[in-house]
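Survey of secondary and tertiary structure
Listed below are the residues making up each chain.
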Amino acid sequence: MTKMGNGGMKRWNFHGNEELDAAASITIRGVLAKVMSNLNPEDHRAVIPLGHGDPSAFSCFRTAAVAEDAVFDALRSRKFNSYAPTTGILPARRAIANYVSHGLPYKVSPDDVFLTIGCEQAIEVIIKVLAVPDANILLPRPGYTYYEAQAAANHLEFRHFDLLPEKGWEVDLEGVKALADENTIAVVIINPGNPCGSVFTHDHLRKVAETARMLGILVISDEVYGHLAFGSNPFVPMGVFGSTTPVITLGSLSKRWIVPGWRLGWLVTNDLNGILCKSGVVESIVSSLNISSDPATFIQGAVPQIIEKTTDDFFSNIISILRETADICFERIEDIPCLTCPHKPEGSMFAMVKLNLSLLEDIEDDLDFCMKLCKEESVIVLPGFAVGKKNWVRITFAIEQPSLEDGFGRIKDFYQRHAK
């Protein structure tokens, strides 16, 4: 009821969607916003952003010049000012099909590629497609909680299987088998790993595929950090096992090209046996895209030039920087007694770090740690609960080296000030 100017009361028939609010509350963006609200305006030091994977602000992570030229050329051509087809323009889908075919024992068709507004829309699309009554989906813990948020918003039950830090954050396959039932429709993996910095071996991915086949479920392989591998394990696309079980691969330009703001992603069906077509999943993907927005047409128009002209030197340089900053991150963590990183990151842009709260005074949990660190040192890290691992933190090393060193220096100062 609302009080009106004449003193009367008026009942309005609308209100906000509480279920949507609840779903959004578990997103990384929402949690980081809460942490950053504690920044001290009187602290004039630069804020050190170790909480999210967007290094585009740092000059050492600038995207390839040919990618910038491709966008400029697409705009100036005036060929990409119109609406795009539902699934994306053919030249872009053809270029992405060729790109994701690298490392596969078969050729991906452009008809298997669906363009999306970043990888997040690809997640939205596949979750909506699979969210039928009584279904459930298996999600990794720790993981990327946008999956949980989308599942909750679409009334799709989600169940968590563990990633095992003592085994390089591999999937607990026995846990997957124990969770699945006749209503389980898919299992999600993220490789290279967010938030763990892991890179799965060929043998482990084969076991994931065989487990999915045994359970009669598809694999959703989030490869938004695809090819960002700098340890002993090379990146292996899950599509290699598309003949074992249906695989839906999600990816984007965002991470490998360091352009998250360009919002160009894709969903690819790797399904040599045609199961996704026969089951109606492909048709539903198109239906979902028919009632949603498209990536900007000029960005789609730039994709072929971006993919075809970006040189290996650019990618090698990014990998070299990430390898160096990952080493720094791991070494500095070892120098702070309240932090433990059980597995040195080998890919993506993150490390999962365990907090030893018994060594700290007046720190209640991971959120309290992050909020006080933000207030006292202007350093942003992500509380582990936001990725499903309470009393851990996720730290990104995708940042210029001087800022990374400064950030860990401040974290060490914070520890010494709060140490028992």
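Our structure is the block above this text.
Residues numbered from 1 in each chain as written. Predicted model: local features only at pLDDT ≥ 70, side-chain atom pairs only at ≥ 80, totals over all residues. Heavy atoms only, no water.

For the protein, the count of helices and strands is 14 helices and 16 strands. For 420 residues, the compact-globule estimate of 2.2 N^0.38 gives 22 Å, and the protein sits close to it at 22 Å. Its C-alpha atoms put the protein at 70 × 60 × 55 Å along the principal axes. Considering the protein as a whole, with its 420 residues, one finds that 56% of them fall into the buried category. Across the protein, every contact between residues at least 6 apart in sequence was considered, and the portion connecting residues at least 24 apart equals 74%. On the protein, roughly 18500 Å² of surface is accessible, and the fraction owed to carbon and sulfur atoms is 50%. Both charge centroids of the protein, one from 39 positive and one from 51 negative side chains, sit 4 Å from each other. (Helix = DSSP H or I, 4+ residues; strand = E, 2+ residues; numbered from the N terminus. Rg over C-alpha atoms; globule rule 2.2 N^0.38 Å. Buried < 20%, exposed > 50% of the residue type's maximum accessible area, 1.4 Å probe, protein only. Contact = heavy atoms within 4.5 Å. Areas by Shrake-Rupley, 256 points an atom, 1.4 Å probe, with all protein chains shown as cover. Lys, Arg positive; Asp, Glu negative; His and termini not counted. Charge placed at Lys NZ, Arg CZ, Asp CG, Glu CD.)

Summed over all chains, the structure comprises zero disulfides. Here Cys 374 is not disulfide-linked; the sulfur of Cys 370 is the nearest cysteine sulfur, at 9.1 Å. On the basis of relative accessible area, Cys 374 is assigned to the buried category, the value being 0%. (Disulfide = S-S within 2.5 Å.)

Each pocket or cavity is described by its volume, and for the largest pocket that value is around 620 Å³. Lining the largest pocket we find 28 residues, and of these Arg 29, Gly 53, Glu 120, Tyr 144 and Lys 255 sit closest to its centre. If you list the elements that add at least two residues to the lining of the largest pocket, you get α2 (28-36) and α5 (118-130). Counted as a void, the second largest pocket has a volume near 200 Å³. Forming the boundary of the second largest pocket are Val 129, Leu 130, Val 132, Ile 185, Gly 216, Ile 217, Leu 218, Pro 246, Ile 275, Leu 276, Ser 279 and Val 281. Residue assignment for the lining of the second largest pocket shows that the elements contributing at least two residues are α5 and α9 (275-278). (1 Å grid on protein atoms, 1.4 Å probe; cavity = no way out; pocket = protein on both sides within 12 Å on 5 of 7 lines; lining within 4 Å. Points joined across faces, edges and corners; volume = space filled by probe spheres on them.)

With that out of the way, let us pick up the packing of helix α13 (residues 366-377) against helix α14 (residues 401-418). α14 packs onto α13 with a crossing angle of 110° between their chain directions and a minimal axis gap of 10 Å. By the angle class used here, α13 and α14 are roughly perpendicular. Facing Phe 369, Lys 372, Leu 373, Glu 376 and Glu 377 of α13, the residues of α14 in contact are Arg 410, Ile 411, Asp 413, Phe 414, Arg 417 and His 418. Partitioning the contact of α13 with α14 into residue classes produces four nonpolar, one polar and six charged. (Axes fitted to C-alpha atoms, helices over the stretch in contact; angles between N-to-C directions. Parallel < 35°, antiparallel > 145°, perpendicular 65-115°, else oblique. Nonpolar A, V, L, I, M, F, W, Y, C, P; charged D, E, K, R; others polar.)

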